[in-house]
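Chain residues, written in single-letter form:
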Protein chains: 2
Amino acid sequence: MAITKQDIQESHKRIKPFIHRTPVLESHSINEMCGCSVFFKCENFQKIGAFKIRGGMNASLQLPSSKLAKGLATHSSGNHAQAIALAAKLLNTRAYIVMPNNSPAVKVNAVKGYGAEITFCEPTLQAREDTMEAVISKTGAEFIHPFNDEKIIAGQATATKELLEEVEEIEAIFAPVGGGGLLSGTSLSAKFYGSNINVYAGEPEGAADAVLSFQTGKIETAPYIKTIADGLLTTLGEITIEIIRENVSDIFTVSEKEIINSMRLIYERMKIVVEPSSAVPLAALIKNAEHFRNKRVGIIISGGNVDLSNFKEWF
Amino acid sequence: MAITKQDIQESHKRIKPFIHRTPVLESHSINEMCGCSVFFKCENFQKIGAFKIRGGMNASLQLPSSKLAKGLATHSSGNHAQAIALAAKLLNTRAYIVMPNNSPAVKVNAVKGYGAEITFCEPTLQAREDTMEAVISKTGAEFIHPFNDEKIIAGQATATKELLEEVEEIEAIFAPVGGGGLLSGTSLSAKFYGSNINVYAGEPEGAADAVLSFQTGKIETAPYIKTIADGLLTTLGEITIEIIRENVSDIFTVSEKEIINSMRLIYERMKIVVEPSSAVPLAALIKNAEHFRNKRVGIIISGGNVDLSNFKEWF
């Protein structure tokens, strides 16, 4: 069942009371450096510090009250866990979050801060899924997938809808790609609310699975995993790969150095705090700047949840 | 000659075409932590990354064209240097900046980036003043003081004027204090544009001269100098001490640890990049929170020009 313009429209209306309308920022010096006009949709200023609350609220709000009453469940060490925890809090139900036992304390505390119940597991996908299943069979809570879910995708699409409501004549949009929920939503909103917008993704060389999947049409794993962009480690899902292959123009990979340089630019020139994943699209734009000369380019800044103790490794 | 409401009004009109109207941000979690409503006027998003462009433009725009043609001059290793450099660029004249030869490369490059001519000197006040005099006698450029100047103060006052235009019923405002230009302007705008607003300053314990001067009425030096808030090292001037003693309610000192904790809060909760000096007022508010329970408090975030390589020492 394809996601329609009406789905995104209704999702936006549904979640609006629960989310921030985040600002679109520009930087004169980044524009000069890129040779184009860049409009940053700043989801680092979103509730929970990342776009994930859009999809999380959208999925949760569509549950029948009998299901909602049993609680929400997910496995995630990142922003989706916080999104589900906050969604549960806002909707007066419980959140059951499975997190790997090596999750950074700062993330565990953020999830706890929203009142979620955390179950720790070994840091493997198998252990995550097994533990999740056990939690669900015990509680009856509703599992909410971080990206491979049309309601999640329609929710994430609302960031680009807002960007296009605010900035005219955007010709290209860059988003990061992990599991592909944000990228899928971005590409759908670009199609429905823009005219001839090309959508591109940035992906770390050290988690380059989506660029392969984009080429082969199958869900591929990355040749190697080594990146500071910890939000982008996931592979695509059956739903996102299809939407992305149909609606995204290209996926550009960038090195760790290019990610750090891009992050440095954002901190120094824009004076905003972003997580490494959010610096990947700008890195991709800078690397391919000659193709975007004098164009109007949107960039989705996905989030700002960063452990400050990592700064010493980056800057 | 006292600064009047009309002076600030006219200053604002004069500089508006050259400055950004910066946003006022709030943070739910900082409000909860402080037990009051805090409104941050974010001059880290201002041109040159700090409020100093307001005063710098205001003074420069009032020079007769014959004087302006000979150029602008100042000695500073900080944001005032960038302000004068940008003012000169915008007004098509030269800027002559005297900087201590131990200035960080990032600040030297920023000033150079605006096309200013830099003369280096030994890092002492005497050397700065001697070198400045030599540069001025050679060039005939107009010296623009960083804070002890009514036009500068009236320019800095416009930040609080904007804050009060945007947020109603503010009852207290916190600003940092170095030379006292921003604090003086803040207190004047609070008087002219607010009703019964108390203005407070935050000052580092390791540069605690203003708190002494505030008590004795004479320009005092700090008992010891050791602070990461490098924008707040200066002593007050003859003009600023008088305005501050008349219009400021109190000056609170804070430790280095309190500054870093406050800065960490701003980075983590607000997702914005600020320089250490900008974290001093929030540190002062947190330390004295019981006096501001349930009040509406403004904080001037003075700037965001920070050398990212310092992060490793702070976080």
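The model shown is predicted, which means the values in this text are computed figures rather than measured ones.

## Quick notes on the pairing of strand β3 (residues 72-75) of chain B
All names here are of chain B. Burial of the side chains of β3 extends over both faces: Leu72 and Thr74 are buried on one face and Ala73 and His75 on the other. Relative to strand β4 (residues 95-100), β3 runs parallel, the two sharing 4 bridges. Bridge assignment links Thr74 to a residue of β4, and that residue is Ile97. What joins β3 to β4 is helix α5 (residues 79-90), and the crossover it makes is right-handed. The pairing of β3 with strand β6 (residues 142-143) spans 2 bridges and is classified as parallel.

## What about the interface of chain A and chain B?
At the junction of the two partners, chain A supplies 16 residues and chain B supplies 16 residues. Counting the surface lost from both chain A and chain B, the interface buries some 1500 Å², and carbon and sulfur atoms represent 70% of this. At the boundary of chain A with chain B, the tally comes to 0 salt bridges. Its residues assigned to classes, the side of chain A that touches chain B shows 8 nonpolar, 4 polar and 4 charged.

## A look at the nonpolar core
Proteins that are soluble and globular tend to have nonpolar side chains buried together. Among the nonpolar cores identified, the biggest contains 78 residues, and Tyr267, Leu285 and Phe311 of chain A together with Tyr267, Leu285 and Phe311 of chain B are the most heavily contacted of them. Among all residues touching Phe311 of chain A, those that are not within four sequence positions of it are Tyr267 and Val306 of chain A together with Tyr267, Phe311 and Phe315 of chain B.

## Things to note about the packing of aromatic side chains
A full pass over the atoms with the stated rule returns 25 aromatic pairs over all chains. Their ring planes at 25 degrees and their centres at 4.7 Å tell us that Phe311 of chain A and Phe311 of chain B sit as a pair that is stacked. Here Phe311 of chain A, found in helix α14 (residues 311-314), pairs with Phe311 of chain B, found in helix α14 (residues 311-314), and the two come from separate chains. The pair formed by Phe311 of chain A and Phe311 of chain B is uniform in burial state, with each residue classed as buried. Look at Phe174 of chain B and Phe252 of chain B: their rings are 6.1 Å apart centre to centre, the planes differ by 25 degrees, and that puts the pair in the stacked class. You can see Phe174 of chain B sitting in strand β7 (residues 172-176) and its partner Phe252 of chain B sitting in strand β9 (residues 250-254), a full 78 residues away along the chain.

Rules used in this analysis
Residues numbered from 1 in each chain as written. Chains lettered and ligands numbered in written order. Predicted model: local features only at pLDDT ≥ 70, side-chain atom pairs only at ≥ 80, totals over all residues. Heavy atoms only, no water. Buried < 20%, exposed > 50% of the residue type's maximum accessible area, 1.4 Å probe, protein only. Helix = DSSP H or I, 4+ residues; strand = E, 2+ residues; numbered from the N terminus. Pairing = 2+ DSSP bridges. Right-handed = clockwise from strand over helix to strand, strands pointing away. Contact = heavy atoms within 4.5 Å. Buried area = accessible area lost by both parts, 1.4 Å probe. Salt bridge = Lys/Arg side-chain N within 4 Å of Asp/Glu carboxyl O. Nonpolar A, V, L, I, M, F, W, Y, C, P; charged D, E, K, R; others polar. Core = buried A, V, L, I, M, F, W, Y, C linked by side-chain atoms within 4.5 Å. Phe/Tyr/Trp six-rings, centres within 6.5 Å; stacked < 30°, edge-to-face > 60°.

By themselves, these observations are geometric and do not establish any function.
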